[in-house]
Amino acid sequence: MASPGKQTSKNHTFAQSLRHAWSGVRIALREERNLRRDAAGAVLVIIAAILLHAQRTDWLWLAAAIWLVIFAELGNTLIESLVDFVTHGTFSPQAKKIKDLSAGVVLLTAFFAVVVGALVFVPLLWTCLFN
Ligand SMILES: Nc1ncnc2c1ncn2[C@@H]1O[C@H](COP(=O)(O)OP(=O)(O)OP(=O)(O)O)[C@@H](O)[C@H]1O
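Keep in mind that what you see is a predicted model, and the values were worked out from it rather than measured. (Residues numbered from 1 in each chain as written. Predicted model: local features only at pLDDT ≥ 70, side-chain atom pairs only at ≥ 80, totals over all residues.)

Let us now look at the overall build of the protein chain. The number of helices and strands found in the protein chain is four helices and zero strands. When the elements of the protein chain are put in sequence order from the N terminus, they spell out α-α-α-α. Relative to a compact globule of 131 residues, whose C-alpha radius of gyration would be 14 Å, the protein chain shows 19 Å and is clearly more extended. With respect to the principal axes defined by its C-alpha atoms, the protein chain has extents near 65 × 40 × 20 Å. For the protein chain, with 131 residues in total, the buried portion stands at 11%. For the protein chain, long-range pairs separated by at least 24 residues make up 66% of all intrachain contacts whose partners lie at least 6 apart in sequence. (Helix = DSSP H or I, 4+ residues; strand = E, 2+ residues; numbered from the N terminus. Rg over C-alpha atoms; globule rule 2.2 N^0.38 Å. Buried ≥ 20, exposed ≤ 12 C-beta atoms within 10 Å, placed from the backbone. Contact = placed C-beta atoms within 7 Å.)

Moving on: the packing of helix α2 (residues 33-51) against helix α3 (residues 56-87). Contact geometry of α2 with α3 gives a least axis separation of 10 Å together with a crossing angle of 175 degrees. Between α2 and α3, the interaxial angle falls into the category roughly antiparallel. Counted together, Asn34, Leu35, Asp38, Ala42, Val45 and Ala49 of α2 and Asp58, Trp59, Leu62, Ile66, Val69, Ile70, Glu73, Leu74 and Thr77 of α3 form the full contact between these two elements. Looking at the contact of α2 with α3, its residues break down into 10 nonpolar, two polar and three charged. (Axes fitted to C-alpha atoms, helices over the stretch in contact; angles between N-to-C directions. Parallel < 35°, antiparallel > 145°, perpendicular 65-115°, else oblique. Nonpolar A, V, L, I, M, F, W, Y, C, P; charged D, E, K, R; others polar.)

Mapped onto the present numbering, the UniProt feature "transmembrane region" (unreviewed entry) falls on residues 35-54, 60-83 and 104-126. Across residues 60-83 one finds 100% helix and 0% strand; the C-alpha atoms that close the span lie 34 Å apart. (UniProt positions renumbered as here; feature names shortened; annotations may be inferred.)

Our focus in this paragraph is the confidence of the model for the protein chain. When pLDDT drops low, the exact placement of atoms in the prediction is not to be read closely. Per-residue confidence for the protein chain averages 93 on the pLDDT scale, and 97% of its residues sit at or above 70. This complex was scored by the predictor with a pTM of 0.86 and an ipTM of 0.91. (pLDDT = per-residue confidence, 0-100.)

This is the structure in structure tokens:
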């Protein structure tokens, strides 16, 4: 049987699965500067939405945009780690293609978040400044 820190068998309880999943999120936050930047951006967006009295629909769009960006960034981290695990840091055109495709997904998701942010915050700021 493997020692507790070197488990390779399936998780036996929900608590065990949760512990390992949460450990994955903590690793990503510790090692990925981009993810920390996205999380900080999400906090700022939430504070701005509270201050500008965002409505229910605004919150839904903002939540979707924030969640998509964080999801894409986590997926990108996963793919980068897999590629590094397979290539051991050796240059490979296929590895470059996979990593660049993955980064492209993050870029498009970030673009969506910027559009959502503009559509939500411009009217809110307008109301706040001119009403
Ligand atoms: N093994 C490899 N073979 C070929 N190109 C690679 C390899 N590893 C990384 N690259 C190239 O270097 C770029 C940056 O690598 P990597 O994604 O690991 O760094 P990063 O700074 O974590 O990226 P990101 O800013 O997207 O999180 C990749 O997008 C890819 O173009």
